Amino acid sequence: MMILCPNCQQKARITSRNALNAEGTIADLYYACTNTKDCGATFVMTLAPKHYLNPPVTSTAQLAQNILNNLTKTEHAALVQGR
Ligand SMILES: [Zn+2]
């Protein structure tokens, strides 16, 4: 993903990264503008997941198991038989 300098809109490159959580999925990314002659700005952007478009398979399986565990025997039988 190309990031543009917020000052001159030229390409910027990552110079370093600082993880903000133990998993390393949230981080501050340090950028330097490549337009060193006329700009030379450095800035920080935060990288973080926003939300899932599709949940992980393990979450889906766990969700289904939790639902099944809360069904009565009659409800479970009807579900299995497709009624
Ligand atoms: Zn710039």
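Not measured: the values here are computed from a predicted model. Within any chain, residue numbers begin from 1 and follow the written order of that chain's sequence. Totals for whole chains, interfaces and linings use every residue, but because this is a predicted model, local features are given only for residues with pLDDT of at least 70 and side-chain atom pairs only at 80 or more, for both listing and counting. Side-chain measures here rest on the full set of heavy atoms in the structure, leaving out hydrogens and waters.

Some details on the coordination of the zinc ion
Here is step 1: A donor here means an N, O or S atom no more than 2.8 Å from the metal, or no more than 3.2 Å when the metal is Na, K or Ca. Since water is not included, a site may seem to lack partners. Taken together, Cys5 (SG), Cys8 (SG), Cys33 (SG) and Cys39 (SG) make up the full set of protein donors to the zinc ion, lying 2.3 to 2.4 Å away.
Here is step 2: Coordination geometry of the zinc ion: the four donor atoms subtend angles of 97 to 116° at the metal centre, consistent with an arrangement described as tetrahedral. Note on geometry labels: four donors, all angles 85 to 135 degrees, give tetrahedral; four donors become square planar and six octahedral when opposite donors are over 155 degrees apart and every other angle is between 65 and 115; remaining cases are irregular.

Some points on the domain arrangement of the protein
Here is step 1: Assigned domains within the protein: domain 1 (1–49) and domain 2 (51–83).
Here is step 2: Domain boundaries shown here were taken from an automatic or database domain assignment. Look at where the C-alpha atoms of domain 1 and domain 2 centre, and you get two points 42 Å apart.

Notes on the nonpolar core
Here is step 1: With nine residues, the main nonpolar core is built from Ile3, Cys5, Cys8, Ala12, Ala27, Leu29, Tyr31, Cys33 and Phe43.
Here is step 2: Two residues qualify as a contact provided that any one of their heavy atoms is within 4.5 Å of a heavy atom in the partner residue. Non-local contacts of Phe43, meaning those with residues more than four positions away in its chain, are made with Ile3, Leu4, Cys5, Pro6, Ala12, Leu29, Tyr30 and Tyr31. The set of buried Ala, Val, Leu, Ile, Met, Phe, Trp, Tyr and Cys residues whose side-chain atoms join them within 4.5 Å is what this entry labels a nonpolar core. The buried label goes to any residue with under 20% of its type's maximum accessible area, the exposed label to any with over 50%, and the partly exposed label to all in between, with areas taken from a 1.4 Å probe on protein chains only.

Thoughts on the sheet that holds strand β4 (residues 42–47)
Here is step 1: Spatial strand order, β1-β2-β3-β4: four strands in an open sheet with antiparallel pairing. Only two strands of the sheet have a single partner each, and these edge strands are β1 (3–4) and β4.
Here is step 2: Two strands qualify as a pair provided DSSP detects at least 2 bridges between them. For the purposes of this entry, the term helix denotes a DSSP run of H or I that reaches at least four residues, the term strand denotes a run of E that reaches at least two, and both are numbered from the N terminus. Note that β1 and strand β2 (residues 11–19) share two bridges and pair antiparallel. Looking at the pairing, Ile3 lines up with Ala12 of β2.

Digging into unusual backbone geometry
Here is step 1: The backbone of Gln9 shows a phi angle near 60°, a positive value even though the residue is not glycine.
Here is step 2: Of note, Gln9 is situated in the loop between β1 and β2.

Considering the environment of Ala64
Here is step 1: Counting through the fold element by element, Ala64 comes out in helix α1 (residues 57–69).
Here is step 2: Ala64 sits in the partly exposed class, given a relative accessible area of 36%.
Here is step 3: Between the C-alpha atom of Ala64 and that of Leu53, which follows or precedes it by eleven residues, the distance is 18 Å.

A few points about the side chain of Asp28
Here is step 1: With respect to the element layout, Asp28 can be found in strand β3 (residues 27–33).
Here is step 2: Counted charges follow a simple rule, with Lys and Arg positive, Asp and Glu negative, and His plus the chain ends left uncounted. The term salt bridge refers to a side-chain nitrogen of Lys or Arg lying within 4 Å of a carboxyl oxygen of Asp or Glu. Here Asp28 occupies a buried position and makes no salt bridge, while the nearest side chain of opposite charge, Arg17, is found at 9.9 Å.
Here is step 3: Asp28 has contacts with Ser16, Arg17, Asn18, Leu20, Val44, Met45 and Thr46, leaving out every residue within four places of it along the chain.

Here's the deal with the packing of aromatic side chains
Here is step 1: By convention, a stacked pair of Phe, Tyr or Trp rings (six-membered ring in the case of Trp) has centres within 6.5 Å and planes under 30 degrees apart, an edge-to-face pair has planes over 60 apart, and any other such pair is tilted. The final tally for this structure, using the stated rule, is one aromatic pair.
Here is step 2: Relative to Phe43, the ring of Tyr31 lies with its centre 5.3 Å away and its plane at 10°, an arrangement referred to as stacked. Of this pair, Tyr31 sits in strand β3 while Phe43 sits in strand β4; the two residues are twelve residues apart in sequence, bridging distant segments of the chain. There is no split in this pair, since Tyr31 and Phe43 are both buried.

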